[in-house]
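Architecture at a glance
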Amino acid sequence: MVKRMTQNRYHSLDAMRGVLMLLGIYFHIAIFHYAESPLGLFSMSIHYFRMHAFFLISGFFSALILYRKGHYEMLNNRFKRIFLPLLITAYPILLLNKFSGKFNELMYKNTFTESFKKSFFEFIHNPWEYFIPWDTGHLWFLSLLFGMSIFSYLLRKRFSKSFFLRTVKKVVVLIFNKPWVGILIFCFAYSSLITSLNKVEAQGEGQWASWIWFFKLSGIKTFIAFSFFYFIGWQMYSYRRMMKKISLRKFLKIWITFSILIHIPQYGLYSAGYKNPIPWLTDMHRNRYALNDNLRKHKVTFMIDMSDEKVLLGEGESEAMYICIQELGKPSGEKMMNIGNGLWTASVELEAGSYHYKFRNGLYSEWDEGGWEDGTKIGEDGCGYDKYNNRKFRLDNKDLTIGVFCWSQCTDCFGNTIPIALYENGLKDQLANRAFMFLMNFCVPVYVMLSFSLFLRFCSKQSKRLKYMSESAYWIYIIHLPLTLFIPALFHQSEINIFLKFIISSFIVTLICFLTYHFFVRKTFIGEFLNGKK
């Protein structure tokens, strides 16, 4: 084992990188097309740790380059292998993503030919939106990774003597020598970091895909969260000879133990009536803990004044207003009743907790269709509370009436203030949200290290297949996203089982990725550009 660990190639980590990339294909197919099915849960279980593992591996290999060639060559290598591919591929991939995304949307109700034509003509009708690469898209990983390389280069002298780095080294040694203690510290440190950043997850809230993420607060937070794993991986290279001590059986026991114990405080939060910041997790966990049957519901009455607005049909048969509550996961919302004088009302039975909502003019079946109140105006008036400027309220253990609001305003149509329009997040709610953040992210390092130990155990020997998979990973990463939008769209109107659709789509996308790599990339200038000379 020691001999294998000191060879030029780390076959286990090469294999891990390749397999994680393939999982990215299946994650995107599931989350784009089958998120409402059990496949959605499968995709989120992959998403939970996959990118963190990528950054850990990237830190390991960045350290390898540095210790073999020096700081300057490390940065030069990162520039050639990360930043230049990002600059060159971002634009054509953007065009493919835009085309495939529109095609995917149209294929639900149109023929292949109609969808293809309309998707193509979108570039002509909306050139400003479609031809300008406003962000890096799914290539954001390259942008952040290059940022980490620059950061480590600029602070190489000061950083090497820092308290943080000395602490990380001690934790890495503990992970290898005393895994129960080391992993506990690893988990506690990462979940504490995420909680202090006030992020539900490392990728939460966007902005990480921006070209100028380093000027955006949420982008900086994402950079910090993933950098944690990058520098853990970096220090693992320093202690690479200790990797022989990693026991898959022991890490499996740690994973099972931590995964079970984390449910105890989660159950306490849910049973106290608090909600997870991610709504679908609240429903899933409450069902798992059998708490939904014991929760009392209260009537919430919504009222809106449409006397100054025209009420629309939307996709419905008659003009009507709808109240849409985000946590209920129903984009069409609940139909409201016209009670005269332009007033509309609807009552919904809800459990105690916090909710986001908006009124919708007309019936629409999708979240991204029309009819919504003007979020910009609601935000400017001070009652918009998330990136969509949804309204928000808290329901205690009593019935509640909300309104009468004027359309897209925080007041009534006479300009009078409506106190319920302004949401105040109490200290208990804030602490509960932070507790959920801590608990949700606590096991991420366990999943990463379990995967790490799995590949060390079974993939440490050289394998032509795994080497091929690893070398193709970069190309697959770049090209896979438009394919995961386009290929499954071909089956939108098919009546076959969604699991069969998923399997067929996954097979076709995987096959195209490997075929294009083999014939157009592997032994061409593209392969040399991405992976370097062999």
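For the structure itself, look to the data block above.
Residues numbered from 1 in each chain as written. Predicted model: local features only at pLDDT ≥ 70, side-chain atom pairs only at ≥ 80, totals over all residues. Heavy atoms only, no water.

1. Here we look at the overall build of the protein
Going by this rule: Numbering of helices and strands starts at the N terminus; helices are DSSP runs of H or I of at least 4 residues and strands are runs of E of at least 2. Radius of gyration means the value over C-alpha atoms here, while the globule rule gives 2.2 Å times the residue count to the 0.38 power. Only protein chains enter the area calculation, which uses a 1.4 Å probe; residues under 20% of their type maximum are buried, those over 50% are exposed, and those in between are partly exposed. Contacts between residues were defined by any pair of non-hydrogen atoms, one from each residue, lying within 4.5 Å.
Within the protein, the secondary structure is distributed over 21 helices and eight strands. In terms of overall size, the protein behaves like a compact globule, its C-alpha atoms giving a radius of gyration of 26 Å where 534 residues would be expected to give roughly 24 Å. The dimensions of the protein, computed from C-alpha atoms along their principal axes, are 80 × 55 × 45 Å. In the protein, buried positions account for 51% of the 534 residues. Relative to all contacts within the protein whose residues are 6 or more apart in sequence, the contacts with residues 24 or more apart total 76%.

2. With respect to the sheet that holds strand β2 (residues 321-325)
For the record, the criterion: The rule for pairing is simple: two strands pair if DSSP sees at least two bridges between them.
On the basis of which strands lie adjacent, the open sheet formed by four strands has the order β3-β2-β6-β7 and antiparallel pairing. A strand with exactly one partner marks an edge of an open sheet, and here the two such strands are β3 (334-335) and β7 (391-395).

3. Some words on the nonpolar core
Heads up, the rule is: Residues grouped as a nonpolar core are buried Ala, Val, Leu, Ile, Met, Phe, Trp, Tyr and Cys residues, joined through side-chain atoms within 4.5 Å.
In this structure, I183, M236 and F452 are the most contacted members of the largest nonpolar core, which totals 122 residues. In terms of residues, this core owes the most to one element, helix α19 (residues 464-489), which gives 13 residues. Leaving out residues up to four positions away in the same chain, M236 has contacts with L56, F60, V172, I175, F176, M449 and F452. Counting residues in hydrophobic clusters, the runner-up holds 29 residues, among them F302, Y322, V348 and L395.

4. Describing the pattern of salt bridges
Which entries qualify depends on this criterion: Here, a salt bridge means any side-chain nitrogen of Lys or Arg that lies within 4 Å of a carboxyl oxygen of Asp or Glu.
Here the structure, examined in full by the defined rule, presents seven salt bridges. Measuring nitrogen to oxygen at the nearest pair gives 2.8 Å for the salt bridge that ties D14 to R17. Remark: R17 and D14 occur in helix α2 (residues 11-33); sequence separation between them is three residues, near one turn of the helix. For D14, a relative accessible area of 6% gives the class buried. Its salt-bridge partner being E105, residue K102 comes within 3.5 Å of it at the nearest N-O pair. Of the two residues, K102 and E105 are both situated in helix α5 (residues 71-106); the distance of three residues between them amounts to about one turn of the helix. Residue classification places E105 among the partly exposed positions, given a relative accessible area of 45%. Counted as one network, the salt bridges with shared partners bring together R394, D396 and D429.

5. Digging into the side chain of R78
For clarity, the threshold we go by: The positive count covers Lys and Arg only, the negative count covers Asp and Glu only, and His and the chain ends enter neither.
Along the chain, the position of R78 falls in helix α5. Here R78 sits buried without a salt bridge, and the closest side chain of opposite charge, E73, lies 10 Å off (N-O distance). Excluding residues that lie within four positions of it along the chain, R78 makes contacts with S62, I65, F83, F146 and S149.

6. With respect to the sheet that holds strand β8 (residues 400-406)
The criterion, for reference: Lines are fitted to the C-alpha atoms to define the axes, a helix being fitted only along its stretch in contact, and any angle between axes, read from their N-to-C directions, falls within 0 to 180 degrees.
Taken in spatial order, the four strands line up as β4-β5-β1-β8 in an open sheet, and their pairing is mixed. In this open sheet, the two edge strands, each paired with only one partner strand, are β4 (337-340) and β8. Strand after strand, the sheet turns through a mean of 25° between neighbouring axes, direction not considered. As paired strands, strand β1 (residues 297-305) and strand β5 (residues 343-351) are joined by nine bridges and run antiparallel to one another. By the bridge assignment for β5, T301 is matched with S347.

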